[in-house]
Amino acid sequence: MIPAALLPMQPRRWQQAWREAVRDPRELLALLGLQDLALGVSSEAAAQFPLRVPRGFVARMRHGDPHDPLLRQVLPLDAEMRPVPGFTLDAVGDGAAKAGPGVIHKYAGRALLVATGSCAVHCRYCFRRHFPYAEETAAAGAWREAIAAIAADPSIEEVLLSGGDPLSLATAKLAELTDALRELPHVRRLRLHTRLPIVLPERVDAELTGWLASLPWPVAIVVHANHANEFDTSVDTAMRDLRATGATVLNQAVLLRGVNDDVDALAALAERSFDAGVLPYYLHQLDRVAGAAHFEVDDETALALHAALVARHSGYLVPRLVREVAGDASKRAISAAADGRIAPPMA
């Protein structure tokens with residue numbers, strides 16, 4: 001008999017990796033040899049918005065580096081609890097754009113479904129960290145009310161799944177939605193906004209890719225990585241498998257102080273994502289959500305960084321620098337206009 005220790009390792013199911021996520025800030029710091037940073041951890045911030053980070057993502061952090069860009073994205077700090085004028089609970093106007101339970105309709109031709117409040121990682125800058133998920137989840141009730149809202153508006157051609165993270169739902173639950181959407185002839189495209197293939201690449205399994213490949217519409221998958229170090233070989237494999245379904249895979253990042261607010265970091269992110277088969281899409285200015293002010297980069301600096309990136313890279317490697325403004329008809333491009341103001345919304 002072959003000893004169990006010598007048998008080939010079976011791939012862990014993504015649900016197991018999810019359950020094993022680090023939830024204690026002090027455990028996270030101990031894993032990184034950074035116990036001395038515990039004094040700066042805010043128990044109040046962690047209680048308000050709990051730490052959650054998969055161990056595979058922790059393994060990509062630099063041991064002993066208190067300034068690691070991945071660590072900074074997830075560690076709850078005292079700075080989150082300091083009120084800052086202009087930073088609000090609903091930074092992007094989700095509440096005013098509600099079109100049904102878990103349905104947000106901001107832009108012409110598109111409806112966003114807040115599929116779930118769950119996510120494999122809790123990013124400290126998350127613009128929905130205060131969102132009332134308990135009352136506003138599109139997947140509740142077998143998606144019935146969300147489907148009804150989309151069916152009632154034939155102008156909706158594209159459905160966006162967001163959250164939380166839609167891929168935190170079981171694939172069978174996602175298929176329940178798309179089976180119902182097949183009955184709506186005006187739906188022509190499906191888009192998923194997800195961080196799981198980056199932070200928990202195990203989620204991209206055969207069941208998920210089989211579902212994606214079976215869909216009758218063009219599919220865009222917008223992943224979310226802010227730093228080149230978020231990619232490793234497991235993420236590369238996940239991106240390859242997503243592309244093999246026929247989906248277009250794009251990356252959106254957020255410009256974050258202390259994470260990627262220098263041109264070398266942004267250039268490396270663009271190069272590394274493209275190496276993984278992912279096209280840079282958006283570079284977002286921070287949504288001004290309460291608790292995230294310490295991540296903000298001013299527009300003048302953002303414009304200078306973007307200009308340096310344009311000078312360094314081919315156009316297809318340069319994401320669009322944008323901001324979401326509540327009430328606008330689209331994302332707002334950030335550019336240096338002749339009168340010094342930020343450019344109007346994009347058409």
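Residues numbered from 1 in each chain as written. Predicted model: local features only at pLDDT ≥ 70, side-chain atom pairs only at ≥ 80, totals over all residues. Heavy atoms only, no water.

Caption draft 1: Geometry of the overall build of the protein chain. The number of helices and strands found in the protein chain is 12 helices and 10 strands. At 20 Å, the protein chain has a C-alpha radius of gyration in line with the 20 Å of a compact globule built from 347 residues. Each of the three principal axes of the protein chain carries a C-alpha extent, and together these read 70 × 55 × 40 Å. Looking at the 347 residues of the protein chain, the share that counts as buried comes to 52%. Expressed as a percentage of contacts within the protein chain between residues at least 6 apart in sequence, the contacts between residues at least 24 apart total 80%. Working note: accessible area of the protein chain is about 15500 Å², and carbon and sulfur atoms make up 56% of it. Taken as two groups, the 36 positive and 41 negative side-chain charges of the protein chain have centres that lie 2 Å from each other. (Helix = DSSP H or I, 4+ residues; strand = E, 2+ residues; numbered from the N terminus. Rg over C-alpha atoms; globule rule 2.2 N^0.38 Å. Buried < 20%, exposed > 50% of the residue type's maximum accessible area, 1.4 Å probe, protein only. Contact = heavy atoms within 4.5 Å. Areas by Shrake-Rupley, 256 points an atom, 1.4 Å probe, with all protein chains shown as cover. Lys, Arg positive; Asp, Glu negative; His and termini not counted. Charge placed at Lys NZ, Arg CZ, Asp CG, Glu CD.)

Caption draft 2: Spotlight on the packing of aromatic side chains. In this structure the tally under the stated criterion is 5 aromatic pairs. Judged by centre distance (5.2 Å) and plane angle (45°), the ring pair of F274 and Y316 falls under tilted. With F274 in helix 11 (residues 263-275) and Y316 in the loop between helix 12 (299-312) and strand 9 (320-323), this pair connects stretches of sequence that are 42 residues apart. By relative accessible area, F274 is classed as partly exposed at 37%. Using a relative accessible area of 46% as the deciding quantity, one classes Y316 as partly exposed. Note that R128 overlies the ring of F131, its terminal NZ or CZ placed 5.8 Å from the centroid. (Phe/Tyr/Trp six-rings, centres within 6.5 Å; stacked < 30°, edge-to-face > 60°. Lys NZ or Arg CZ within 6 Å of the ring centre and 35° of its normal.)

Caption draft 3: Structural context of the nonpolar core. Judged by nonpolar contacts, the single largest core of 96 residues is most densely connected at L28, V53, M61, L113, L181 and M239. Beyond its immediate sequence surroundings of up to four residues, M239 is in contact with P197, I198, V223, V249, A276 and V278. Counting residues in hydrophobic clusters, the runner-up holds 7 residues, among them A97, L112, Y133 and L160. (Core = buried A, V, L, I, M, F, W, Y, C linked by side-chain atoms within 4.5 Å.)

Caption draft 4: Up close: the pairing of strand 8 (residues 279-284). Most of strand 8 sits out of view: 5 of its 6 residues are buried. A crossover links strand 7 (residues 248-254) with its parallel partner strand 8, the connecting element being helix 11, and its sense is right-handed. In this fold, strand 8 hands off to helix 12, which returns the chain to strand 9; that crossover is right-handed. (Right-handed = clockwise from strand over helix to strand, strands pointing away.)

Caption draft 5: Spatial organisation of the confidence of the model for the protein chain. Of all residues in the protein chain, 93% have pLDDT values of 70 or greater, and the mean over the chain is 91. pLDDT under 50 marks residues 1-10. Its contacts with residues more than four places away, or in other chains, come to 1 contact. Between residues 338-347, whose pLDDT stays under 50, and residues either more than four places distant or in other chains, the model counts 21 contacts. (pLDDT = per-residue confidence, 0-100.)

Caption draft 6: Examining the sheet that holds strand 8 more closely. Strands sit in the order 1-2-3-4-5-6-7-8-9-10 across an open sheet of 10 strands; the sheet is mixed. Two strands lie at the open edges of the sheet, namely strand 1 (98-100) and strand 10 (332-333), each paired on one side alone. Strand direction decides the pairing type here: strand 7 and strand 8, joined by 5 bridges, are parallel. What sits directly across from L250, in strand 8, is L279. (Pairing = 2+ DSSP bridges.)

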